[in-house]
Amino acid sequence: MTLTVAVMAISANAQVYVGGGFGVASASVDGGDDVTTYKFVPEVGYAFNDEWAAGVAFGWEGASEGAKTVSVNPYVRWTFVKSGRVSAFVDGSFEYDHIYGNGADIDGISFGLKPGLAVGLTNHLSFVTHIGFLGYENAKDNNTDIKVDTWGLDLDGRNITFGLYYSF
């Protein structure tokens, strides 16, 4: 009975949210063809209360030269500051990526922390950004067995994402 009451109390404050992001970019290569990349990253999550949430993002990225990437990224989110409509959070995440096509066959994993900000635009719609990454990344080229391991902090401008969430 206690377990039932605890589940009901958690569920009473919980919210399901959906959202994600997308992107399109074009790079001009000296002496070569321009490369256009596009990314679609839907996301679904569950907010247990004002501080804790869990979710998963699924990614698909393609490029005009033929390489593609699929990814899955489950995470746990801790919101440590909430002031009005603005919240600061950090995601503890694990991500798996697979790059294929155009001769590529690469598997990658990462786990670490991704800080971010959320701005409530309405009662149901939020603008969300992630800024940087602190953790571990591993990539293995299955064609050559070359492996790359990286530990570190990445706060440069190429590691910023934007998205919209809709909470039910």
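Novice: What's the story with the nonpolar core in this structure? I'm lost.
Specialist: Generally speaking, soluble globular proteins have nonpolar side chains that are buried together. Counting eight residues, the largest nonpolar core is built from Tyr17, Ala47, Ala53, Tyr75, Phe89, Ala118, Val128 and Tyr165. Beyond its immediate chain neighbours, meaning those up to four positions away, tyrosine 75 contacts Tyr17, Glu43, Val44, Ala53, Ala54, Gly55, Val56, Ala57, Asp91, Gly92, Ser93 and Tyr165.

Novice: Please clarify how the environment of glycine 108 should be interpreted in this entry.
Specialist: Among the secondary structure elements, glycine 108 is positioned in strand E6 (residues 104–120). Residue classification places glycine 108 among the buried residues on the basis of a relative accessible area of 11%. Along the chain, glycine 108 and asparagine 138 lie 30 residues apart, while their C-alpha atoms are 5.4 Å from each other.

Novice: Even after reading the chapter, I still don't get the pattern of salt bridges, so can you show me in this structure?
Specialist: When the charged atoms of two side chains lie near each other, side chains of opposite charge can form a pair. Here the structure, examined in full by the defined rule, presents five salt bridges. A salt bridge links glutamate 61 to lysine 39; the shortest N-O distance between them is 3.9 Å. Of this pair, glutamate 61 sits in strand E3 (residues 52–63) while lysine 39 sits in strand E2 (residues 35–47), and the two are 22 residues apart along the sequence. Given the relative accessible area of 29%, glutamate 61 is considered partly exposed. Overall, the relative accessible area of 39% leaves lysine 39 in the partly exposed class. Members of the salt-bridge network, linked through shared partners, are Glu43, Arg77 and Asp91.

Novice: For this particular structure, what's the right way to read the pairing of strand E5 (residues 86–101)?
Specialist: Successive residues of a regular strand alternate their side chains across the two faces of the sheet. In the sheet, strand E4 (residues 68–83) pairs with E5 via 13 bridges, with the strands oriented antiparallel. The residue of E5 that forms the bridge with arginine 77 is aspartate 91. As consecutive antiparallel partners, E4 and E5 are separated by two residues, and within that stretch glycine 84 has a phi angle of approximately 65°, a positive value. In this sheet, E6 lies alongside E5 in antiparallel orientation, the contact comprising 16 bridges. What sits directly across from glutamate 95, in E6, is serine 110.

Novice: Please explain the confidence of the model for the protein as it appears in this structure.
Specialist: Predicted coordinates in areas of low pLDDT are best not read in detail. Per-chain confidence: the protein averages 88 in pLDDT, with 90% of residues scoring 70 or above. Taken as a whole, residues 3–11 scores under 50 in pLDDT and shows two contacts with residues more than four places along the chain or in a different chain.

Novice: Just checking my understanding: could you explain the side chain of serine 126 for this structure?
Specialist: Tracing the chain through its elements places serine 126 in strand E7 (residues 125–131). Take serine 126: its relative accessible area is 17%, and that puts it in the buried class. What serine 126 contacts, discounting residues up to four positions off in sequence, is Val119, Gly120, Leu121, Gly163, Leu164 and Tyr165.

Novice: Explanation requested: the packing of aromatic side chains in the structure shown.
Specialist: For any pair of aromatic rings, geometry is given as the distance between the ring centres together with the angle between the planes. Within the structure shown, the criterion is met by ten aromatic pairs. Between tyrosine 17 and tyrosine 165 the ring centres are 5.1 Å apart and the planes differ by 10°, which places this aromatic pair in the stacked class. Placement of the pair is tyrosine 17 in strand E1 (residues 15–27) and tyrosine 165 in strand E10 (residues 160–167), with a sequence separation of 148 residues. Across the pair, exposure class does not vary: tyrosine 17 and tyrosine 165 are buried alike. With 5.6 Å between their ring centres and 35° between their planes, tyrosine 38 and tryptophan 60 make a pair best called tilted. Here tyrosine 38 is found in strand E2, whereas its partner tryptophan 60 is found in strand E3, with 22 residues between them in sequence. Taken together, the ring pairs in this structure connect Trp52, Trp78 and Phe80 into an aromatic cluster. Between arginine 77 and the ring centre of phenylalanine 89, over which it is positioned, the NZ or CZ distance is 4.1 Å.

Novice: So what exactly am I meant to see when it comes to the pairing of E6 here?
Specialist: Linking E5 to E6, which pair antiparallel, is a turn of two residues; within it asparagine 102 sits at a positive phi near 55°. In the sheet, E6 pairs with strand E8 (residues 133–141) via eight bridges, with the strands oriented antiparallel. Paired with aspartate 107 across the strands is lysine 140, a residue of E8. Once E6 ends, the chain turns through four residues before running back antiparallel as E7.

Procedures and definitions
- Residues numbered from 1 in each chain as written.
- Predicted model: local features only at pLDDT ≥ 70, side-chain atom pairs only at ≥ 80, totals over all residues.
- Heavy atoms only, no water.
- Core = buried A, V, L, I, M, F, W, Y, C linked by side-chain atoms within 4.5 Å.
- Buried < 20%, exposed > 50% of the residue type's maximum accessible area, 1.4 Å probe, protein only.
- Contact = heavy atoms within 4.5 Å.
- Helix = DSSP H or I, 4+ residues; strand = E, 2+ residues; numbered from the N terminus.
- Salt bridge = Lys/Arg side-chain N within 4 Å of Asp/Glu carboxyl O.
- Pairing = 2+ DSSP bridges.
- pLDDT = per-residue confidence, 0-100.
- Phe/Tyr/Trp six-rings, centres within 6.5 Å; stacked < 30°, edge-to-face > 60°.
- Lys NZ or Arg CZ within 6 Å of the ring centre and 35° of its normal.

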